[in-house]
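Here are the chains, one letter per residue:
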Amino acid sequence: MSREEVARQLEWSTSTLFRIETGRSRPRPGNVRILLELYGVTGTERDGLIQLTWEARQPGWRHSLRDVLPNPYEVYIGLEAGAASVRNFEPVVVPGLLQTADYAREIFTNRPIELDPDEVECLLEARLARQKILAREDRPRLWAVIDEAVIHRVVGGPEVMRGQLRHLVESAQQGKTTIQVVPAHTPGPPARSSSWTSLSPPTPPWCTSRL
């Protein structure tokens, strides 16, 4: 069905449907239910989509920090929280999901753009809140690759680094966490000078049931 046909049958405006389809507005569960009935979606797939709609409308911890977090970063945090796996390469610092509070505070305090103490603490709060996804029962699988220079680079002094390295060891012993260190003598492409992250979305339950 075309957008115009759907809007006519539901007696909606085409602009309302356009905003839902393009993600420009957050649909209400009732509207999603009506759409699914029109499209003939039933069973587990229908229930899963309605549940996702309810979850998307719940304000998370990011809501209280939205004035501090840059919009692209806030979007990324949301995607990360819903990912099934996170793959991360860092050539300079410990990955954010694996940083201790002391290590992260030093990173935020010594950024090129100077921040006041309150801004540092807000960013630290966001960093620690992000890490809670690793404590969930449905936590994502984390595969972190760091350059050897990261574990030699002293951030915040010996005590901070000692705590950070201990935390890396403990994290590597958890299920669904893999930490690898690229030796300094390993030849590599220029990409090793840049960090990157890859997020994989979860497979919806209705897709699994069809396999």
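Just above, that's the structure.
Below, the structure is looked at part by part. (Residues numbered from 1 in each chain as written. Predicted model: local features only at pLDDT ≥ 70, side-chain atom pairs only at ≥ 80, totals over all residues. Heavy atoms only, no water.)

Turning our attention to the overall build of the protein. Tallying secondary structure elements over the protein gives ten helices and four strands in all. Its helices and strands taken in sequence order, the protein reads α-α-α-α-α-β-α-α-β-α-α-β-β-α from the N to the C terminus. Across the 211 residues that make up the protein, the buried fraction comes to 31%. Taking as baseline every contact in the protein between residues at least 6 positions apart, the subset at least 24 positions apart corresponds to 69%. Accessible area for the protein stands at about 13200 Å²; split by element, carbon and sulfur atoms hold 54% of it. (Helix = DSSP H or I, 4+ residues; strand = E, 2+ residues; numbered from the N terminus. Buried < 20%, exposed > 50% of the residue type's maximum accessible area, 1.4 Å probe, protein only. Contact = heavy atoms within 4.5 Å. Areas by Shrake-Rupley, 256 points an atom, 1.4 Å probe, with all protein chains shown as cover.)

A few words now on the nonpolar core. V94, L97, L98, Y103 and L142 are the most contacted members of the largest nonpolar core, which has 16 residues in total. Counting residues per element, the ones that place at least two in this core are β2 (141–147) and α9 (158–172). If we skip the residues at most four places from it in the chain, L98 touches Q131, L142, A144, Q164, H167, L168, S171 and I179. (Core = buried A, V, L, I, M, F, W, Y, C linked by side-chain atoms within 4.5 Å.)

Moving on to the layout of surface pockets. Of the volumes computed, that of the second largest pocket is approximately 620 Å³. Y73, E90, F108, R127 and R130 are, among the 30 residues lining the second largest pocket, the residues nearest its centre. Contributing elements (two or more residues each) for the lining of the second largest pocket: α5 (71–81), β1 (85–90), α6 (101–109) and α7 (117–130). Broken down by element, the residue count for the lining of the second largest pocket peaks at four residues, all from α7. Residue composition of the lining of the second largest pocket, grouped by class: 17 nonpolar, seven polar and six charged. (1 Å grid on protein atoms, 1.4 Å probe; cavity = no way out; pocket = protein on both sides within 12 Å on 5 of 7 lines; lining within 4 Å. Points joined across faces, edges and corners; volume = space filled by probe spheres on them. Nonpolar A, V, L, I, M, F, W, Y, C, P; charged D, E, K, R; others polar.)

With respect to the helices and strands, S85 occurs in strand β1. On the basis of relative accessibility, which here comes to 10%, the residue S85 falls in the buried class. At 3.3 Å, the side chain of S85 and the side chain of R87 are in polar contact. In this structure, S85 is in contact with P140, R141, S198, L199 and S200, ignoring residues within four places of it in sequence. (Polar contact = N/O pair within 3.5 Å; in protein donor to acceptor, adjacent residues only side chain to side chain.)

The next subject is the packing of helix α1 (residues 3–10) against helix α3 (residues 29–39). At a closest axis distance of 11 Å, the pairing of α1 and α3 adopts a crossing angle of 110 degrees. The angle between the axes of α1 and α3 places the two elements in the roughly perpendicular class. In this structure, α1 meets α3 at a crossing whose hand is right-handed. Side by side, α1 and α3 meet where V6, Q9 and L10 of the first sit next to I34, L35, L38 and Y39 of the second. Broken down by class, the residue content of the contact of α1 with α3 amounts to six nonpolar, one polar and no charged. (Axes fitted to C-alpha atoms, helices over the stretch in contact; angles between N-to-C directions. Parallel < 35°, antiparallel > 145°, perpendicular 65-115°, else oblique. Left-handed = near helix turned anticlockwise from the far one by under 90°.)

What follows covers the sheet that holds β1. With mixed pairing, four strands are arranged side by side in an open sheet as β3-β2-β1-β4. The two strands at the open ends of the sheet, each matched to only one other strand, are β3 (177–182) and β4 (196–200). Going from strand to strand, the sheet's axes swing by 10 degrees on average, the running direction of each strand aside. Along the sheet, α9 makes contact with β2 and β3, crossing β3 at roughly 130 degrees. (Pairing = 2+ DSSP bridges.)

This part covers the environment of H185. Counting through the fold element by element, H185 comes out in the loop between β3 and β4. Looking at H185, the relative accessible area reads 70%, which means it is exposed. Put simply, H185 and E148 are 37 residues apart on the chain and 9.2 Å apart in space, counted from C-alpha to C-alpha.

Quick look at α7 now. Between its first and last C-alpha, α7 extends 20 Å over 14 residues, near the 20 Å set by a 1.5 Å rise per residue. Those residues of α7 lying buried are V120, L123, L124, A126, R127, A129 and R130. The backbone nitrogen of D118 lies 3.1 Å from a side-chain oxygen of the residue at the head of α7, namely D116. (Expected span 1.5 Å × (residues − 1).)

So, about the environment of G30. Among the secondary structure elements, G30 is positioned in helix α3. What makes G30 partly exposed here is its relative accessible area of 33%. Each C-alpha atom, one on G30 and one on W54, is 9.9 Å from the other, the two residues being 24 residues apart in sequence.

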